[in-house]
Amino acid sequence: MNKKKFWIVLFILIICVIFSACLGRYTLSLKDIFSILVGNHTSEVEVNLFYNIRLSRTFLVVISGGALALSGSIFQTIFRNPLVSPDVLGVSSGCSVGAVLSIVLLGGGVIITQSMTFLFGVMVVLFSIFLSRFVKNDRILGLVLAGIVMGSIASSIIMMLKLVADPNSHLQAIEFWLMGGFNNATWSQFNIIFLPIMLITVILYLLRYKINIMSLGDEEAKSLGLNVKVVRIIVILLATLLVALVVSFAGVVSWVGLLSPHIVKMYSKDDIVNNFSLSFLTGSILLIVSDVLARTLFTIELPISIVTSFIGAIFLIILLIKNKREAL
Amino acid sequence: MIHLRKRVISAMMALVMVLTILTGCANNQKSETNSGEESIVVTDQIGREVKIEGEVKNIVSSYYLSSSLLIALGKKDNVVGIELKADTRGIYKKVAPEFLDLPGVGSGKGINVEQVAKLDPDVVIIPKKLKDSVEQFEQLNIPVVVIDPETLDNFIDFVELMGKVVGAEERSKALIEEYERIFEEVRELTKDVKDRPTVYLSSGSDFLRTCTSKMYQNELIDIAGGKNVSSDLQDGYWQAISAEQLVSWNPEKIFTVSYAEYANEDIVNDVRFKDIEAIKNGEIKTFPSKLLEPWDYPTPSSILGVLWLTSQLHPELYSEEDYVKEAKNFYKTYFNMDVTEEELGL
Amino acid sequence: MSIRLENVSVKFSDRTILNNLSIELLENEITFLLGVNGVGKTTLIRTIMGFEKKVCGKIYYNDIDIDKMTYKERSKMVAYIPQIIERRSSFRALDFVCMGKNNDLSIFSKPSKKDIELAKNILEKLNIGYLENSYIDKISGGELQIVYLARTYMQNASYMVLDEPTASLDFSRQNDFLDILENFSKNYGYGCFLSTHNPNLAYEYADRILMIKNGNIFSDLKRTQTNYKDELKKSLTNLYEKEVKVITDDNKSLFYI
């Protein structure tokens, strides 16, 4: 692993975190932050703002971005396809069904929504895995097809629920959830997902060599002694959990899982073994930048998927231009 | 030859007689319909000319606002069909419990035209959202009036329109005059007020979502002598904000709508908000009326919201006692019901 | 170490690709498989490796039924070198070679420093030490082939199966690779089984030649047998259904049609 790249990326992340701490609808200067951290800041409001609103949100975004990006890298490696996102098996769609069900039928309370979101996300993926068994010869194809099927089913369910939803209150909540946002970030949210995400990340880190071998294709991987079926299921489930955890708190955050691995490839050619931490950190940076934009551009809070989609489109264009140049 | 002529003349006379009798009957029928019954033509709120013939005895109201208004216009006994989820309306339970037994025919999503036709209505009231079903009603020759009472001005027009449609023009005029009187009075009271408390009004779905300058809520706060912290938000309707935006605004008073899906308690206990002035001083209240009908957007009795808010923001100009008196009076006059202070948001 | 197929048949819907084959491949032999395109060379290779699902009959590595072994156990006995394709993943050659150590690592482990040294070593021994830090999607097909050999070395198996290893190589490189393969086989004790289109390469390097036609292995010739050349000519004629002649010069023979 290129140590130099790691430190550079980490440094960029820290800069972004500092920016995120300073910027916002309530501006805090670097001096303010310093005095807050040191403990002799005069304005209690600002201290509270910094710790309980800014910092909690920043940390939540950092860990969410990393989780989504890592999941994306892993999915792209396992599926041997750079166009795959974690939602290929329907985790985000499934989470959406859970959330919309909760909002429309169960009152939309925070805890219920989060639980339903998480549950349904995982359930849909399990269903996809189960369905994929019907395609005998090509497991990857089976998974993709199953994911498409489950995704469609999820969309239909969401559409039906929208019909029943109260246009005055539910629909708005649903639309906002489907576009994602961190404006309700609190320390308690961070505390809940921090450990699971870190734990899963560590396990995936330990599995990175196996994941790498999986990207050679089923047969070659088997010939090297890898129990492909088992490893694939474990890795897919873990990567799915990462996404489900983030989505249950922040709603659907699009593009980070798909785009982040490509950004990493732009500056580091390596495989996931060597790029593991870079994948995570790049996602964090991407999402932090998006979140800062989402909450500072206008007085109102922009749903984060709007920003990530926009950034995603720009990067895609850059990538296309780059590829065209290389091909020529 | 003479026989033939005679026959022809007889036949023709017979024919003329038959025709005369037939037209005579027809004419008689027409005149029977015409005599004693009037038809009116109104322009509904999407600009359609609607002709309503005869007395309006059966009314189908598929929207909460019109159903509630019909109570105020004294026509609740003529309602034969009502909107869905009628059991969530406190005001029905109190003063028009029979509404709860009526067939539910519509919601914000759609209306069941056949079900409505079965009720043999003389007029059907539908909201603008459902205007696509107008054609179906017209095909069945059922007069349908489309309403759009979402802003303050539209609401007043709506009241006037409904008065015409159901033959309760006097009452609707009186109601409108009452609204206008109260608005004027409050405007006079607060127009020179120097110290306008900053106010934050949160939406039903999410505490960190508030109204924009376009909305009725913004004007409501202004008339009542407050300053809406989100008044410079121009686009759209309810908009989301970040927690720190709220801290930055630092409102002195916070009001949550009566149909909020979160509890005021949770807001008070949320550590992120503890430094906001309104929270520190315990100035977070629910905008009434949870038990009757919401007053934060135009409803038949929402004018009381203006009074309530004024008494909250400027008790020195308009006391709570005065408010209670006026509110109780209003409900007695127009809804014929007695209300408690709790129902009045206190 | 031997690979034994017993009454192995592979049928796809209506076609029978392999018809009741029974053969044994031995550790100390380089065995070539000749056959016309589409006749089942690849299927046979996939069957030997245990990749084919619809197999009737049994396959044994060292007298153990492969269905009773884990992939790990199998990989310690038989290694696989797939056909070189254009679209490849991007790995450093050294990392790629270290993947061969997978069959010796538990689920959470990574190659040790010793393993990495070993990998560097074998790359040197195969004269591609300079490729250590190159990315495998940027090197030539021929170089990649040898990198695969290095990976096979790391597997510490005793047999390797190669799918058309010379198919994508230049005419001039084909012999080079097979020379290297021959040396590798001798030095590190690997039996080889490889498929090819080219009977002349088979003649030059094989210890044993199998020919497959209509789902059957109709010819099994050993270099050491008498009349090797003639028998080969006859079998080739049968295989290609055209008369195959042979010309000899400088102790080298060339088969042609």
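Rules used in this analysis
- Residues numbered from 1 in each chain as written.
- Chains lettered and ligands numbered in written order.
- Predicted model: local features only at pLDDT ≥ 70, side-chain atom pairs only at ≥ 80, totals over all residues.
- Heavy atoms only, no water.
- Helix = DSSP H or I, 4+ residues; strand = E, 2+ residues; numbered from the N terminus.
- Rg over C-alpha atoms; globule rule 2.2 N^0.38 Å.
- Areas by Shrake-Rupley, 256 points an atom, 1.4 Å probe, with all protein chains shown as cover.
- Lys, Arg positive; Asp, Glu negative; His and termini not counted.
- Charge placed at Lys NZ, Arg CZ, Asp CG, Glu CD.
- Contact = heavy atoms within 4.5 Å.
- Phe/Tyr/Trp six-rings, centres within 6.5 Å; stacked < 30°, edge-to-face > 60°.
- Buried < 20%, exposed > 50% of the residue type's maximum accessible area, 1.4 Å probe, protein only.
- Lys NZ or Arg CZ within 6 Å of the ring centre and 35° of its normal.
- Pairing = 2+ DSSP bridges.
- Axes fitted to C-alpha atoms, helices over the stretch in contact; angles between N-to-C directions.
- Left-handed = near helix turned anticlockwise from the far one by under 90°.
- Nonpolar A, V, L, I, M, F, W, Y, C, P; charged D, E, K, R; others polar.
- Core = buried A, V, L, I, M, F, W, Y, C linked by side-chain atoms within 4.5 Å.
- Expected span 1.5 Å × (residues − 1).
- Bend = angle between axes of the 7 residues up to and from the residue.
- Domains from an automatic or database assignment.
- Buried area = accessible area lost by both parts, 1.4 Å probe.
- Salt bridge = Lys/Arg side-chain N within 4 Å of Asp/Glu carboxyl O.
- Polar contact = N/O pair within 3.5 Å; in protein donor to acceptor, adjacent residues only side chain to side chain.
- Patch = residues over 30% accessible without salt bridge, like charges linked within 9 Å, V, L, I, M, F, W, Y side chains within 5 Å.

## Some points on the overall build of chain B
Moving on, step 1. Counting secondary structure elements, chain B contains 13 helices and 13 strands.
Moving on, step 2. For chain B, the C-alpha radius of gyration of 27 Å lies well beyond 20 Å, the compact-globule estimate for 346 residues.
Moving on, step 3. Overall, chain B is about 115 × 35 × 35 Å in size when its C-alpha atoms are taken along their principal axes.
Moving on, step 4. Carbon together with sulfur atoms contributes 49% to the accessible area of chain B, which is approximately 16,800 Å² in total.
Moving on, step 5. Side chains of chain B carry 38 positive and 58 negative charges; the gap between the two charge centres is 6 Å.

## Quick notes on the arrangement of the chains
Moving on, step 1. Between chains A and B lies the most contact-rich interface of the two pairs of chains that touch.
Moving on, step 2. One finds no contact linking chain B with chain C; the least C-alpha distance across the pair is 42 Å.

## A closer look at the packing of aromatic side chains
Moving on, step 1. Scanning all chains against the criterion turns up 33 aromatic pairs over all chains.
Moving on, step 2. Plain terms: the ring middles of Phe59(A) and Phe190(A) are 5.7 Å apart, the flat faces sit at 70 degrees to each other, and that makes the pair edge-to-face. You can see Phe59(A) sitting in helix H3 (residues 44-78) and its partner Phe190(A) sitting in helix H8 (residues 187-206), a full 131 residues away along the chain.
Moving on, step 3. When its relative accessible area of 35% is taken as the criterion, Phe59(A) is described as partly exposed.
Moving on, step 4. Between Tyr205(A) and Phe276(A), the ring centres sit 5.1 Å apart and the planes meet at 70 degrees, which makes this aromatic pair edge-to-face. Of this pair, Tyr205(A) sits in helix H8 while Phe276(A) is found in helix H13 (residues 272-296), placing the two residues 71 residues apart along the sequence.
Moving on, step 5. Taking the relative accessible area as the measure of exposure, Tyr205(A) reaches 37% and is therefore partly exposed.
Moving on, step 6. Here Phe276(A) falls in the buried class, since its relative accessible area comes to 5%.
Moving on, step 7. In this structure an aromatic cluster arises from ring pairing among Tyr200(B), Phe207(B), Trp249(B), Tyr262(B) and Phe273(B).
Moving on, step 8. The side chain of Arg208(A) reaches across the aromatic face of Tyr205(A), ending 3.8 Å from its centre.
Moving on, step 9. In this structure, Lys269(A) packs its charged tip against the face of Tyr135(C), placed 4.7 Å from the ring centre.

## Considering the pairing of strand S2 (residues 15-26) of chain C
For a regular strand, side chains alternate in direction, first toward one face of the sheet and then toward the other.
Residues and elements named next belong to chain C.
Moving on, step 1. Direction of pairing for strand S1 (residues 2-12) relative to S2: antiparallel, over a ladder of eight bridges. Note that in S2 the partner of Val8 across the bridge is Leu21.
Moving on, step 2. Between the end of S1 and the start of S2, which pair antiparallel, lie two residues, with Ser13 showing a positive phi angle near 40 degrees.

## As for the packing of helix H4 (residues 91-105) of chain A against helix H11 (residues 228-250) of chain A
Residue and element names in this part refer to chain A.
Moving on, step 1. Taken N-terminus to C-terminus, the directions of H4 and H11 make an angle of 35 degrees; their axes are 10 Å apart at the nearest point. As for the relative orientation of H4 and H11, their crossing is right-handed in sense. The segment H4 lies against H11, with Val91, Ser92 and Cys95 engaging Thr240, Val243, Ala244 and Val247.
Moving on, step 2. Here the residues of the contact of H4 with H11 are counted per class, giving five nonpolar, two polar and no charged.

## Side note on the nonpolar core
Generally speaking, nonpolar side chains in soluble globular proteins are found buried as a group.
Moving on, step 1. Core analysis: the biggest nonpolar cluster contains 131 residues, and Ile74(A), Phe79(A), Leu204(A), Phe32(C), Met160(C), Leu181(C) and Ile209(C) have the highest contact counts within it.
Moving on, step 2. Residues contacting Ile74(A), with those up to four places away along its chain left out, are Leu204(A), Ile211(A), Val235(A), Ala239(A) and Ile272(A).
Moving on, step 3. Ranked by size, the runner-up nonpolar core spans 104 residues in total, among them Ile53(A), Ile59(B), Ala278(B) and Met337(B).

## Quick notes on the environment of Val124(B)
All names here are of chain B.
Moving on, step 1. If you trace the backbone, Val124 turns up in strand S6 (residues 123-127).
Moving on, step 2. Counting along the chain gives 74 residues from Val124 to Val50, while the straight-line C-alpha distance between them is 11 Å.
Moving on, step 3. In contact with Val124, not counting residues within four places along its chain, are Val60, Ile111, Val116, Phe137, Ile142, Pro143, Val144 and Val145.

## With respect to H13(A)
Moving on, step 1. Helix length check: H13(A) (25 residues) gives 34 Å between terminal C-alpha atoms against 36 Å at 1.5 Å per residue, within 8%.
Moving on, step 2. The axis of H13(A) is deflected most strongly, by about 30 degrees, at Leu278(A).

## Notes on the domain arrangement of chain B
Residues and elements named next belong to chain B.
Moving on, step 1. When cut into domains, chain B gives domain 1 (42-150) and domain 2 (174-335).
Moving on, step 2. The gap between the C-alpha centroids of domain 1 and domain 2 is 29 Å.
Moving on, step 3. The interface is formed by 13 residues belonging to domain 1 together with 11 residues belonging to domain 2.
Moving on, step 4. Its largest share of buried area at the contact with domain 2, domain 1 owes to Leu65, Ala72 and Ile91, together 41% of the area lost on that side.
Moving on, step 5. Connecting domain 1 to domain 2 are zero salt bridges.
Moving on, step 6. Counting across the interface, domain 1 meets domain 2 through three residue pairs in polar contact (both at pLDDT 80 or more).

## Some points on a negative patch on the surface
All names here are of chain B.
Moving on, step 1. Taken together, the side chains of Asp153, Asp157, Glu160 and Glu169 make up a negatively charged region of the molecular surface.
Moving on, step 2. Of the residues forming the negative patch, the biggest block, three residues, is contributed by helix H6 (residues 152-166).
Moving on, step 3. Here Glu160 is to be found in helix H6.
Moving on, step 4. Classification of Glu160 by relative accessible area gives partly exposed; the value is 39%.

## Quick look at the side chain of Asn103(C)
Moving on, step 1. Locating Asn103(C) in the fold gives a position in the loop between helix H3 (93-98) and helix H4 (113-125).
Moving on, step 2. Judged by its relative accessible area of 3%, Asn103(C) falls in the buried class.
Moving on, step 3. At 3.2 Å, the side chain of Asn103(C) and the backbone oxygen of Ser75(C) are in polar contact.
Moving on, step 4. If we skip the residues at most four places from it in the chain, Asn103(C) touches Leu224(A), Lys72(C), Ser75(C), Lys76(C) and Gln155(C).

## Overview of the interface of chain B and chain A
Moving on, step 1. In this assembly, 24 residues from chain B lie in contact with 33 residues from chain A.
Moving on, step 2. Interface area for chain B against chain A, summed over the two sides, is near 2,600 Å², with a carbon-plus-sulfur share of 50%.
Moving on, step 3. For the pair chain B and chain A, the number of links is two salt bridges.
Moving on, step 4. Close ionic contact of Glu244(B) with Arg54(A) constitutes a salt bridge, the shortest N to O distance being 2.7 Å.
Moving on, step 5. At the surface where chain B touches chain A, the tally comes to nine residue pairs in polar contact (both at pLDDT 80 or more).
Moving on, step 6. Going through the elements one at a time, strand S11 (239-240) and helix H9 (243-249) of chain B are the ones with two or more residues in the side of chain B that touches chain A.
Moving on, step 7. Of the residues forming the side of chain B that touches chain A, the biggest block, six residues, is contributed by H9(B).

## Some details on the interface of chain C and chain A
Moving on, step 1. Each side of the interface is counted separately: chain C has 34 residues, and chain A has 24 residues.
Moving on, step 2. When chain C packs against chain A, close to 2,500 Å² is buried across both sides, 54% of that on carbon and sulfur atoms.
Moving on, step 3. By the criterion of area lost to chain A, the three top residues of chain C are Tyr71(C), Asn102(C) and Phe108(C), representing 25% of everything that side buries.
Moving on, step 4. The partner of Glu220(A) in a salt bridge is Arg151(C), with the nearest N and O atoms 2.8 Å apart.
Moving on, step 5. Across the contact surface, chain C and chain A share 11 residue pairs in polar contact (both at pLDDT 80 or more).
Moving on, step 6. Among the secondary structure elements, those contributing two or more residues to the side of chain C that touches chain A are helix H1 (41-49), helix H2 (71-75), strand S6 (78-81), H3 and helix H5 (141-155) of chain C.
Moving on, step 7. When the residues that make up the side of chain C that touches chain A are grouped by side-chain class, the tally is 15 nonpolar, nine polar and 10 charged.

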